[in-house]
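Each chain, letter by letter, is given below.
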Amino acid sequence: MLGGGWPRGELSEVYGPRSSGRTSVIYASLGAALKRGAAAALVDAESALDARRAQHAGIPLRQLLWVCASQSQTLKSTELLVSAGGFELVALDLGDSVPHLPTTAWIRLRQIAQRQGTVVLLAAGFPLAGSFSATSVQLQQKNVDFGQQACARLRPRLGADDHALARVVAHPPLVTALASSVSLERGRRSAEQAAHCSLVFREPLRESART
Amino acid sequence: MRIACAHAPQIALQAVLRGLAEPHEREAPIALTTGPGARAPILGLTRNARLAGACLGMTVTQARAMVPSLRVMRVRQADVDAAQAALQDLGLSFAPRIEAESGRVFFQVGDLGSLYPNERAVAQAIGARATQLGLAVRVAIASSKGLARVGTRAGAIVILPGVAGAAKARLAGLPLTVLDLDEEMHKTMRHWGIKTVGELASLPGPEVTLRLGATGVHFHRLANGMDAEPFLPQPPADAIEEGTEVDYPIESWEPLSFLLRGLLDRVLQRLACRSLACAGLTLRLSLNPRGFDLREIALPSPTREASILLQLIRLDLERRPTDTGVVGMTILIRPARVRSTQLDLFRPNGPAPERLAATIARLSALVGPEHVGAPRVVDSWKEEMMAIEFPMVEPITSPTTRGKPSENNNGQQATLGIHRFRPPRDIEVLIGPTGPTALRGKETTARILIAAGPYRMSGEWWAGGGFCREYWDVHASDGALYRIHQDRESSRWYLDGYYD
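In this report, we go over the structure that sits alongside the text.

Thresholds applied
- Residues numbered from 1 in each chain as written.
- Chains lettered and ligands numbered in written order.
- Predicted model: local features only at pLDDT ≥ 70, side-chain atom pairs only at ≥ 80, totals over all residues.
- Heavy atoms only, no water.
- Helix = DSSP H or I, 4+ residues; strand = E, 2+ residues; numbered from the N terminus.
- Buried < 20%, exposed > 50% of the residue type's maximum accessible area, 1.4 Å probe, protein only.
- Contact = heavy atoms within 4.5 Å.
- Areas by Shrake-Rupley, 256 points an atom, 1.4 Å probe, with all protein chains shown as cover.
- Axes fitted to C-alpha atoms, helices over the stretch in contact; angles between N-to-C directions.
- Parallel < 35°, antiparallel > 145°, perpendicular 65-115°, else oblique.
- Nonpolar A, V, L, I, M, F, W, Y, C, P; charged D, E, K, R; others polar.
- Pairing = 2+ DSSP bridges.
- Buried area = accessible area lost by both parts, 1.4 Å probe.
- Salt bridge = Lys/Arg side-chain N within 4 Å of Asp/Glu carboxyl O.
- Polar contact = N/O pair within 3.5 Å; in protein donor to acceptor, adjacent residues only side chain to side chain.
- Core = buried A, V, L, I, M, F, W, Y, C linked by side-chain atoms within 4.5 Å.
- 1 Å grid on protein atoms, 1.4 Å probe; cavity = no way out; pocket = protein on both sides within 12 Å on 5 of 7 lines; lining within 4 Å.
- Points joined across faces, edges and corners; volume = space filled by probe spheres on them.
- Domains from an automatic or database assignment.

A count of helical and extended segments in chain B gives 13 helices and 21 strands. The burial tally for chain B puts 48% of its 500 residues in the buried class. When contacts within chain B are restricted to residue pairs at least 6 apart in sequence, those whose partners lie at least 24 apart make up 59%. By element, 53% of the accessible surface of chain B is carried by carbon and sulfur atoms, the whole surface being about 24,200 Å².

In structure tokens:
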């Protein structure tokens, strides 16, 4: 849909309500960049990173620079990282927070990104950068898949010895997948490329459940 | 075997002069004392002070009477040690094995023939390197340690031939003082009317042995260009330390940075001598009137850039300023091999290590050092547990995927992430006959449409901090898919996060 990924040297944003797949998109983007050997950083406004899932998403954790910044520090932190140069992707996960940022902040961030050729990916609940973003993607939750079979298998065992159960199953595989619809609100798109598509996010830790 | 000896005369005076930030300060008449007070004896004098009339052994008052503009400085053992260590680094910049004694360093230079046209060029290079380290040295190259030591007393650059007869001829015209005879031996020689090394060498060996004993034989052999003193190499010091003190407390960054820059330059020169870089430093600030402040500056990759290190120190001081003025500072460097960078044609260039170090330092100053780093999975049964570690610039492994991205991404699968609340939020949950039916908390208040669970997990009881939880995945009426859990011990409910 994006025709080659996030545009380099531009500000891109992905937005949607809770459980629409914003975090998963960030994990996938960071994983793809780091797997190619590029440098990437994540500015996390709510310290919301889950290291285990990030690892399952293909992020080599030792190569990821993670900055837990408060709401007021997020933009400054992002600017510092982008200004340093050499980062291919700097993701800014604002979560549900809505920072009150002046328009000039987005202009400045876009200019620095253009100068350094860095992809700045912003994830938020609402479209924040507006017309200053080169690409704007909206996510909407479509369907949730619960692992009924896994739950059915687990329930009879709840009466068993707790510790034995804890050894058998490392992580609860209750939700197995989340499907989201993706619509490209702003961005370069050729005629044959679709403006809408769907993404399925699979529960990564289901594999580790040895029931 | 060819041994070089670099000798720093008056090393205590040189140690003090190294600490002077401005080169023109060294031109002023300077006297060295051991203690405070007007009656302290003068132990060392610069050439200008000596020319102005000051002499060794005078008191400070007497010297100041002779030279009103005399600057009196106290010698610190730490400065002398640093100068001695710098002298050892000088040796290590030419040879892997050195032997040091007070004011001197010995090292093998026999294998430097392919780098320098002759031994005089080697000696000149040693002198030039010493100047970079802030030391003035005399250099001698000889076939043994003792002869090299004698050579350093004979002139600024002395090359003694390897053949004993030729070395004897070279030493013959020199005064006996170059042998550094003890007082008794010196008196005997004077009594015998012997004034030069050549005259001592011409004495018959058995007669010297009979009259002067082992000491006499040693000097007689030296005078004949023969020496059997072994070369005993010592391992170099692991850390590199430099320090300075000031007479008045410094309370602002500008003068402090001026002194720190000088210290860093000296330390990095020494590192460069050993082909090493700084992997981290410890800054010890002596505070006024007493006490000290210790700071650890970590680096993601070894560097020899003074400006980067200075910037990191400045950011650390801005983040955590000292309570009082600074009257002294010591820098301890942890050396490491210089990071070799081999760029990959097929891999994007990452940030320059030095710039990355400065950026991480700025970020640490902004958000706190505990909030910047590389995430790490912790070996724990609690799935929310994770840690953050200091980012190290390590060689990135070969790209695992390469090529064009998929053209048709409709229905493409990705890993489901979770947006964690850290720490888990306290919530109230309404329980129905089939499980949770509603939840209320700071993050959300919603009815629960679908609840999957419970999934009970317990663990870490063996480590003392055991837990027993029941996890639920709930689809709430606000559209979000939450993960909640109940602590079985306290019966309280917590919101872990939402799938996203």
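Still more to cover.
This part is about the packing of helix H1 (residues 11-18) of chain B against helix H4 (residues 77-92) of chain B. Residue and element names in this part refer to chain B. Packing of H1 against H4 brings their axes to within 8 Å, and their N-to-C directions diverge by 95°. Taken together, the axis directions place H1 and H4 in an arrangement best described as roughly perpendicular. Of H4, the residues touching H1 (which contributes Ile11, Ala12, Ala15 and Arg18) are Asp79, Val80, Ala82, Ala83, Gln84, Ala86 and Leu87. Among the residues making up the contact of H1 with H4, the classes are represented as eight nonpolar, one polar and two charged.

Let us now look at the pairing of strand S21 (residues 493-499) of chain B. All names here are of chain B. In terms of burial, S21 is largely enclosed, as six of its seven residues are buried. Two elements, strand S16 (residues 418-432) and S21, share six bridges in a ladder whose sense is antiparallel. Across the sheet, residue His419 finds its bridge partner in S21, namely Tyr498. Note: strand S20 (residues 481-487) against S21, five bridges, orientation antiparallel. Across the sheet, Arg483 pairs through a bridge with Gly497, a residue of S21. Where S20 hands over to S21, the hairpin turn is made up of five residues, of which Ser491 adopts a positive phi near 60°.

As a further point, take the interface of chain A and chain B. Accessible area lost when the parts come together is the quantity often used to give the size of an interface. In this complex, chain A contributes 77 residues to the contact, which on the side of chain B involves 78 residues. When the two sides are added together, the surface that chain A and chain B hide from each other amounts to roughly 6,800 Å², 56% of it contributed by carbon and sulfur. On the surface where chain A and chain B come into contact, there are three salt bridges. In this structure, Arg18 of chain A and Glu443 of chain B form a salt bridge, with 3.0 Å as the shortest nitrogen-oxygen distance. There are 31 residue pairs in polar contact (both at pLDDT 80 or more) connecting chain A and chain B. Summarising the sheet, strand S3 (residues 64-68) of chain A and strand S13 (residues 372-377) of chain B pair through two bridges and their orientation is antiparallel. Following the sheet pairing, Val67 of chain A is matched in S13 of chain B by Val372 of chain B.

Now for the nonpolar core. Counting residues in each nonpolar core, the largest one holds 47 residues, and the members touching the most others are Leu30, Leu42 and Ile59 of chain A. If one sorts the elements of this core by residue count, helix H1 (residues 22-35) of chain A sits on top with six residues. If sequence neighbours within four positions are ignored, Leu42 of chain A has contacts with Ile26, Leu30, Leu49, Leu64, Leu65, Trp66, Val67, Ala91 and Asp93 of chain A. Counting 34 residues, the second-largest nonpolar core is a separate cluster that includes Ile240, Leu260, Ile333 and Ala358 of chain B.

The next point concerns the layout of surface pockets. Residues and elements named next belong to chain B. Estimated volume of the second largest pocket: approximately 810 Å³. Around the second largest pocket, the lining is made up of 30 residues, and of these Arg71, Met73, Glu245, Val246 and Asp247 lie nearest the centre. Elements with a contribution of two residues or more to the lining of the second largest pocket: H1, helix H3 (60-66), strand S4 (71-74), strand S9 (240-250) and helix H11 (253-273). Mapped onto the domain boundaries, the lining of the second largest pocket takes at least three residues apiece from domain 1 (3-28 + 69-223) and domain 2 (240-337).

Right, let's get into the pattern of salt bridges. Residues and elements named next belong to chain B. A full pass over the atoms with the stated rule returns 36 salt bridges over all chains. Ionic pairing is found between Glu242 and Arg18, a salt bridge with its closest N-O pair at 2.9 Å. With Glu242 in strand S9 and Arg18 in helix H1, the pair connects residues that are 224 residues apart, well separated along the chain. One salt bridge in this structure joins Arg425 and Glu443, with 3.0 Å as the shortest N-O distance. Placement of the pair is Arg425 in strand S16 and Glu443 in the loop between strand S17 (435-441) and strand S18 (445-459), with a sequence separation of 18 residues. Classification of Arg425 as partly exposed rests on a relative accessible area of 26%. The exposure class assigned to Glu443 is partly exposed, which follows from its relative accessible area of 24%.

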